[in-house]
Amino acid sequence: MSVDHSLNIIEVNKVSFAYKESLVLKEVSLNIHKGDYLGMIGPNGGGKTTLIKMMLGLLTPTSGTVKLFGQDIRTFKEWSRVGYVPQKVINFDVNFPATVFEVVAMGRYGKRGLFRSLTKEDRRVVQESLRQVEMWEFRDRIIGDLSGGQQQRAFIARALAGQPEVIFLDEPMAGVDAQAQDQFYQLLKKLNRDLELTLVFISHDIEAVVNEVTEIAFVNRTLSYDDDPKKFVKEEMKKLYGDSKFIHHHHKHV
Amino acid sequence: MATPNLFITTTNMFELFQYSFAVRGFEAGIIIGLIAPLIGMFLVLRRYSLIADTLAHVSLAGIAIGFLLQINPIVTAIASTVLSSVVIERLRISRRVYGESALAIFLSGSLALAVVLISLAHGFNVGLLNYLFGSIVTVKQTDLYIIGGLGAVVAALLFLFYKELVYITFDEESAQVSGIPTRAINTLLIVLAALTVSLSIPIVGVLLISALMVIPVVTALQFRQSFGKTIVVAELVSLFSVIVGIAASFYFNLSTGGTIVLVSLVLFALSLGFRKR
């Protein structure tokens, strides 16, 4: 593999976050390397989303530091190197008047900068991103008219259009049916292997995550990390539930 | 009293343009008709529709100040709405007050201030009534310069920040992650909304402004088109309403603002029928 996995893309150092009086995260440290496919699991309210939002500069840590590409996040300016797929499928406006193409083009806006309209090159990258996720033929459809899985692929294409080096995905499977989920995991694997993209992936679906990712972090106020997801989860589950109940998985039918 | 002439012949069709006030009214109406849905598009999609109404009430206080100090009411309306819009946005960000509560406070607070100021200026007069409900007679030559000049500024700024506004409107968090200065752009949007509200007062009146910003957009949204096409449809609905509304109000001696809004409502009702699926 040509990817230099020893290169730190994100360094989270002893970060704590308190909301009002209550401590959400306590002295969490985590290094994400180039080419990692990190799955972040943990109970609701355990601080997964808070941690991701601090790595994206959407929340400021109460204490500790976050570095992106070696730079302190407070002075970080190269946001086009970071892609973000928010928890959108379940809470975006289905009546919003935008075509898939328009949504994916938004991924170029930050890169293009203020006062500049999109160029031919931008349109080419948008097209390429849409083809990457196999959504090019849907380009003129209104985003709200698509299925959850298609919408999610469009949001991935939007992140890709910014040509980032790392993509954060917050619960991307919410509202996506089981078959589309499989396709989606294949797509993520392709992006990680072929495009050498670093992926940080939040999910509550432990079983699926364990089978897909190459690194795993368990976030519940504190953080434990391992680069052998399967072994890690086995041990964590043992701690939580004892030997008898190994991974128990509910398929949610939406 | 003469019987109203319901048959518009070509001769009296042009009669309209013999009156300079009518020409001014049309010019101002078309400028506002172009800008209002542009701003309205972003306000409606961000669930900010009520901001237009709130700012309109604030502008009434501004107009009352203008009457009291004998300054052009449009100028004082602009000053009061722009100032309040920035304060409303600050309050919303600080989260000390819920967004809608901030709007309710400003809406009723400025109305209270307006009423007290009006009573100080010895009650309602016809001039003030025109500002409440709009009338092409209200548009003076200086108003037209103000509407034209500031209207051009609003349109230019919307054009310059178009893609950032679209992104923030669709997905504010992702826009912020991509490096777009969301706070500054949010403030810009609300200030532009304040300007548009103030400029629309002479034509549609304080109480009906939000209609011109909201109804054409909601009408256009029924067609489920791309963002760009939706704006075009909203513009067409708005221009049609303004032109037909002003002409009808002139010939049949009706309230200008009310007629414009009713025309746009008819178009909205028709659009509901066209809605796909």
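Structure: above.
For the structure given in this document, a descriptive report is provided here. (Residues numbered from 1 in each chain as written. Chains lettered and ligands numbered in written order. Predicted model: local features only at pLDDT ≥ 70, side-chain atom pairs only at ≥ 80, totals over all residues.)

**As for the interface of chain A and chain B**
Next up, step 1: Across the contact, 22 residues belong to chain A and 21 residues belong to chain B.
Next up, step 2: When residues of the side of chain A that touches chain B are traced back to their parent elements, those giving at least two are strand S6 (82–85) and helix H2 (100–112) of chain A.
Next up, step 3: When residues in the side of chain A that touches chain B are grouped by element, the largest group, five residues, is from H2 of chain A.
Next up, step 4: When the residues that make up the side of chain A that touches chain B are grouped by side-chain class, the tally is 15 nonpolar, five polar and two charged. (Contact = placed C-beta atoms within 7 Å. Helix = DSSP H or I, 4+ residues; strand = E, 2+ residues; numbered from the N terminus. Nonpolar A, V, L, I, M, F, W, Y, C, P; charged D, E, K, R; others polar.)

**Overview of the sheet that holds strand S5 (residues 71–72) of chain A**
All names here are of chain A.
Next up, step 1: Pairing is antiparallel in the open sheet, where four strands are placed in the order S2-S1-S4-S5. The outermost strands of the open sheet, each flanked by one partner alone, are strand S2 (22–33) and S5.
Next up, step 2: Two elements, strand S4 (residues 63–68) and S5, share two bridges in a ladder whose sense is antiparallel. Residue pairing across strands places Leu-68 opposite Gln-71, the latter belonging to S5.
Next up, step 3: Of the strands in this sheet, strand S1 (8–19), S2 and S4 touch helix H1 (residues 48–55), which is tilted by about 125 degrees from S1. (Pairing = 2+ DSSP bridges. Axes fitted to C-alpha atoms, helices over the stretch in contact; angles between N-to-C directions.)

**Side note on the sheet that holds strand S8 (residues 198–202) of chain A**
Residue and element names in this part refer to chain A.
Next up, step 1: Ordered in space as S6-S7-S8-S3-S9-S10, the six strands form an open sheet in which the pairing is mixed. A strand with exactly one partner marks an edge of an open sheet, and here the two such strands are S6 and strand S10 (222–226). Here the average twist between neighbouring strands, direction ignored, is 15 degrees.
Next up, step 2: Bridging between strand S3 (residues 37–41) and S8 involves four bridges; their strand directions are parallel. The partner of Tyr-37 across the bridge, within S8, is Leu-199.

**Here's the deal with the pairing of S3 of chain A**
Residues and elements named next belong to chain A.
Next up, step 1: S3 sits mainly inside the fold: five of its five residues count as buried.
Next up, step 2: Of the two faces of S3, both are covered, the one formed by Tyr-37, Gly-39 and Ile-41 as well as the one formed by Leu-38 and Met-40.
Next up, step 3: Two strands pair when backbone bridges link them, and S3 and strand S9 (residues 215–220) are joined in this way by four bridges, in the parallel orientation. Note on S9: the bridge partner recorded for Gly-39 is Ile-216. (Buried ≥ 20, exposed ≤ 12 C-beta atoms within 10 Å, placed from the backbone.)

**Overview of helix H10 (residues 182–204) of chain B**
Next up, step 1: Compared with the 33 Å implied by 1.5 Å per residue over 23 residues, the 31 Å span of H10 of chain B between its first and last C-alpha is a close match.
Next up, step 2: Looking one or two residues beyond H10 of chain B, the residue adopting positive phi is Gly-205 of chain B, at roughly 85 degrees. (Expected span 1.5 Å × (residues − 1).)

**Quick look at H2 of chain A**
Next up, step 1: Between its terminal C-alpha atoms H2 of chain A stretches 19 Å, which fits the 18 Å expected from 13 residues at 1.5 Å a residue.
Next up, step 2: Of all the bends in H2 of chain A, the greatest measures close to 30 degrees and is centred on Met-106 of chain A.
Next up, step 3: Most of H2 of chain A is tucked away: eleven of the 13 residues are buried.
Next up, step 4: Taken residue by residue, H2 of chain A has Val-100, Phe-101, Glu-102, Val-103, Val-104, Ala-105, Met-106, Gly-107, Arg-108, Tyr-109 and Gly-110 of chain A as its buried positions.
Next up, step 5: Taken together, the buried residues of H2 of chain A touch helix H3 (120–132) and helix H4 (148–161) of chain A together with helix H8 (162–170) and helix H12 (227–251) of chain B.
Next up, step 6: Just downstream of H2 of chain A, Gly-113 of chain A is the residue with a positive phi angle, here 85 degrees. (Bend = angle between axes of the 7 residues up to and from the residue.)

**Quick word on unusual backbone geometry**
Residues and elements named next belong to chain A.
Next up, step 1: One non-glycine residue with positive phi stands out, namely Phe-69, at about 50 degrees.
Next up, step 2: Within the secondary structure layout, Phe-69 lies in the loop between S4 and S5.
Next up, step 3: Phe-69 sits in the partly exposed class, given 17 other C-beta atoms within 10 Å.

**Looking at the environment of Lys-77 of chain A**
Residues and elements named next belong to chain A.
Next up, step 1: Within the secondary structure, Lys-77 sits in the loop between S5 and S6.
Next up, step 2: Owing to 8 C-beta atoms within 10 Å, Lys-77 belongs among the exposed residues under this scheme.
Next up, step 3: For the pair Lys-77 and Thr-49, spaced 28 residues apart in sequence, the C-alpha separation works out to 22 Å.

**Looking at the nonpolar core**
Next up, step 1: Ranked by internal contacts, the top residues of the largest apolar core, which has 151 residues, are Val-104 and Leu-199 of chain A together with Ala-52, Ala-193 and Ile-209 of chain B.
Next up, step 2: Setting aside residues up to four positions removed in sequence, Ala-193 of chain B forms contacts with Ile-39, Leu-43, Ile-51, Ala-52, Leu-55 and Ser-85 of chain B. (Core = buried A, V, L, I, M, F, W, Y, C linked by C-beta atoms within 7 Å.)

**With respect to the packing of helix H11 (residues 209–221) of chain B against helix H13 (residues 256–274) of chain B**
Residues and elements named next belong to chain B.
Next up, step 1: Where H11 contacts H13, the two axes come as close as 9 Å, and the packing angle between them is 20 degrees. As the angle between them shows, H11 and H13 are arranged roughly parallel. Judged by the sense of rotation from one axis to the other, the crossing of H11 with H13 is left-handed. Where H11 abuts H13, its residues Ala-211, Leu-212, Ile-215, Pro-216, Val-218 and Thr-219 lie against Ile-260, Val-261, Ser-264, Leu-265, Leu-267, Phe-268 and Ser-271.
Next up, step 2: A class-by-class count of the residues in the contact of H11 with H13 yields ten nonpolar, three polar and no charged. (Parallel < 35°, antiparallel > 145°, perpendicular 65-115°, else oblique. Left-handed = near helix turned anticlockwise from the far one by under 90°.)

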